[in-house]
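Residue-level structure breakdown
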Amino acid sequence: MARVAELSYYPVKGCAGTPVREALLTPTGLAHDRSFMVVSEEGVYRTQRRDPLLAVVRPRITPDGDRLTLNAPGAESLHLRVDTSGTRQKVDLFGTAYQGIDQGDDAAGWLSDVLGAPSRLVRVPPEHDRVTDGLTPGTSGYADSCALHVVSRSTLGLLDAKMAARGVRALPADRFRPNLVIDGWDDPHTEDRAHHLRIKDTELGYAKLAIRCAVTLVDQHTGTRAGPEPLRTLATYRRATQGGIAFGTKYAVLRPGKVAVGDEVRVVTWGEPEL
């Protein structure tokens, strides 16, 4: 029987995640996931691809979303009251224009000091109406694409085995920054074929494969690039027909609700893998 083994959300895009035992699943993903984003002074998104130190920023948000705390090694904690009604400004995410609400000079100064580059913090406005692509359309906050990133323990285990065969130590799952880790699927990459999932009262629709990037080369605890793994090993067996290296899958939320570690994961509809 497949079950939810791990749940994590990432309040600030590119920054550290928050593991939880249970969470509200909203149309945009786990509550508060990627609802904030660090941008340059020009409003262009920051990512671990270019700013790996984002990984050491550890956000904590209250359940009601009203207060955000930022922590990082060597920096004093910053406590913010979240602004959801301020002036909207244009922000750039992968070349697409969206809106963001700036969270003030204190947040900007703190992040600029930690990252060593002029930065601002913005929040998704309540009226954010992004449409995500894939086999099942959906929506999300400032995530790279879809609402949820899912990977199974068997998929992670196969990668570990292949790396071990090359004399390379295993890497933690946080290199892939998943929202849900599923246990109980014996065959690796079952998530490639699981096109409609039901977890308690919630439902997820398969959108597309997760194409991996240089973020997987960043040590999520030190904020330093530690490549070439896992991309070097993944390139030997997970090259996608549309280009890139695929590992894990992206899902849209069909029916929101509550999910928890230990919940049964049922596959309603199977499909052909896109790899």
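Since the structure is predicted, the reported quantities are computational estimates derived from the model, not experimental observations.

Quick notes on the rules
Residues numbered from 1 in each chain as written. Predicted model: local features only at pLDDT ≥ 70, side-chain atom pairs only at ≥ 80, totals over all residues. Heavy atoms only, no water. Core = buried A, V, L, I, M, F, W, Y, C linked by side-chain atoms within 4.5 Å. Buried < 20%, exposed > 50% of the residue type's maximum accessible area, 1.4 Å probe, protein only. Helix = DSSP H or I, 4+ residues; strand = E, 2+ residues; numbered from the N terminus. Contact = heavy atoms within 4.5 Å. Disulfide = S-S within 2.5 Å. Pairing = 2+ DSSP bridges. Axes fitted to C-alpha atoms, helices over the stretch in contact; angles between N-to-C directions.

On to the nonpolar core, then. Membership of the largest hydrophobic core comes to 44 residues, with the highest contact counts inside it found for Leu70 and Leu121. When residues in this core are grouped by element, the largest group, 5 residues, is from helix H1 (residues 105–115). Sequence-distant contacts of Leu70, that is, excluding residues within four places in its chain, are made with Val12, Val57, Arg58, Pro59, Glu76, Ser77, Leu78, Trp110, Leu111 and Leu121. Among the nonpolar cores identified, the runner-up in size contains 16 residues, and Leu156, Leu159, Leu234 and Ile245 belong to it.

So, on to the state of the cysteines. Per the stated rule, a full pass over the model turns up 0 disulfides. With no disulfide of its own, Cys15 lies 15 Å from the sulfur of Cys213, the closest cysteine sulfur. Judged by relative accessible area, which is 0%, Cys15 ranks as buried. Here Cys213 stays unpaired: no disulfide links it, and the sulfur of Cys146, its closest cysteine neighbor, is 15 Å away.

Below, the discussion takes up the sheet that holds strand E2 (residues 12–13). Strands sit in the order E2-E6-E12-E11-E10 across an open sheet of 5 strands; the sheet is mixed. Only two strands of the sheet have a single partner each, and these edge strands are E2 and strand E10 (88–93). Its contacts with the sheet put H1 on strand E6 (36–40) and strand E12 (119–123), and the angle it makes with E12 is roughly 130°.

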